[in-house]
Amino acid sequence: MKRAVATHISAQSYLPPSIQSRILLALFSLTAAAAHAADDDHLKLGLGAAIAPRYEGADEYRLQPFPVVDAQYGRFFARSGDGLGLNIWQSAQLTIGAGVNMMEGYSESDVPEGIGKLSNALGARIFVSTNAWGAIFTVSATQAISKSERGLIANARVSYPYSISERFKVIPTVSINWANAKYMNSYFGINTQQAARSGLSEYRPSAGFKDVSLRLGFSYDLTKTWSITGAAGVSRLMGDAADSPLVRRKSQAVGALGVAYRF
């Protein structure tokens, strides 16, 4: 087994909050970043399908399609799960950057009756990523800017990319998320009106660690232009997030598979 060597640290994210896009697109983002860590400018587009819970804490799953995007032009990047951004400082061992990303909510039909929908918000993200002992350590924070009441979420992650062969790459990752009180209340809280409509108890969570996750992504090059990208993972809600009346299952699994073309 041979370890993949990264000459540049790509921006990676675990931040879009809907369970469908946040986990699955982040898994694809991590895999794409590892697959092209040593590349210069590139553009990769494709389509994937994923199975995931309807929302964080749901006990029902659904299958849905989603786009696969991995683009890098100089210091600018656009990537599924990462959004649009700029690597402000970039070297072989350190990358510091910023960008914008969509903090997605959920539809009314996904959550228990009476809770209502949670609309999307635009988030501003900053991140620092470094290489050490073959691993990639990343710390990032995203603050909602279009809807300030949506709050802030921070992430710490360590991933270890491997090259099984010239065509086959894998990347195991361990990640933990912390959220402030505004974020926790947006996604896991139940106010007086929601409690009256849904029959659930009122709930106002505090700031704290939200979840921990373990995931494995892979990328296999069929040709120089076509590749298969996949990912699977499991996450466990923690603290006040896990204690929310909205949560039916504290542990949840996800999986995704896609095909992409490199231009």
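Whatever comes next refers back to the structure up there.
Residues numbered from 1 in each chain as written. Predicted model: local features only at pLDDT ≥ 70, side-chain atom pairs only at ≥ 80, totals over all residues. Heavy atoms only, no water.

Caption draft 1: Geometry of the overall build of the chain. Scanning the chain for helices and strands turns up four helices and 14 strands. Put simply, the chain has 263 residues, and 51% of those count as buried. Within the chain, contacts between residues separated by at least 24 positions form 62% of all contacts whose residues are at least 6 apart in sequence. Split by element, the accessible area of the chain, about 11700 Å² in all, is 62% carbon and sulfur. (Helix = DSSP H or I, 4+ residues; strand = E, 2+ residues; numbered from the N terminus. Buried < 20%, exposed > 50% of the residue type's maximum accessible area, 1.4 Å probe, protein only. Contact = heavy atoms within 4.5 Å. Areas by Shrake-Rupley, 256 points an atom, 1.4 Å probe, with all protein chains shown as cover.)

Caption draft 2: Focus on the side chain of Q194. By the element assignment, Q194 lies in helix 3 (residues 192-198). Owing to a relative accessible area of 14%, Q194 belongs among the buried residues under this scheme.

Caption draft 3: Main features of the environment of S148. Looking at where S148 falls in the secondary structure, it is placed in the loop between strand 8 (135-144) and strand 9 (152-159). In this structure the C-alpha to C-alpha distance between S148 and L122, which are 26 residues apart in sequence, comes to 9.4 Å.

Caption draft 4: Quick look at the nonpolar core. Ranked by internal contacts, the top residues of the largest apolar core, which has 23 residues, are Y187 and F188. Among the secondary structure elements, those contributing two or more residues to this core are helix 2 (181-188) and helix 4 (239-242). Counting residues in each nonpolar core, the second largest holds five residues, with A50, F66, V68 and A260 among its members. (Core = buried A, V, L, I, M, F, W, Y, C linked by side-chain atoms within 4.5 Å.)

Caption draft 5: View of a nonpolar patch on the surface. Together, W133, F137, V158, V174, V212, L214 and V234 make up a nonpolar patch on the protein surface, roughly 640 Å² of accessible area in all. With respect to the helices, strands and loops of the structure, W133 is situated in the loop between strand 7 (121-132) and strand 8. (Patch = residues over 30% accessible without salt bridge, like charges linked within 9 Å, V, L, I, M, F, W, Y side chains within 5 Å. Salt bridge = Lys/Arg side-chain N within 4 Å of Asp/Glu carboxyl O.)

Caption draft 6: Region of the structure containing the packing of aromatic side chains. Scanning the entire structure with this criterion turns up seven aromatic pairs. Plain terms: the ring middles of Y261 and F263 are 4.9 Å apart, the flat faces sit at 80° to each other, and that makes the pair edge-to-face. Residue classification places Y261 among the partly exposed residues on the basis of a relative accessible area of 28%. Among the aromatic residues, those joined into a cluster by ring pairs are F168, F218 and Y220. (Phe/Tyr/Trp six-rings, centres within 6.5 Å; stacked < 30°, edge-to-face > 60°.)

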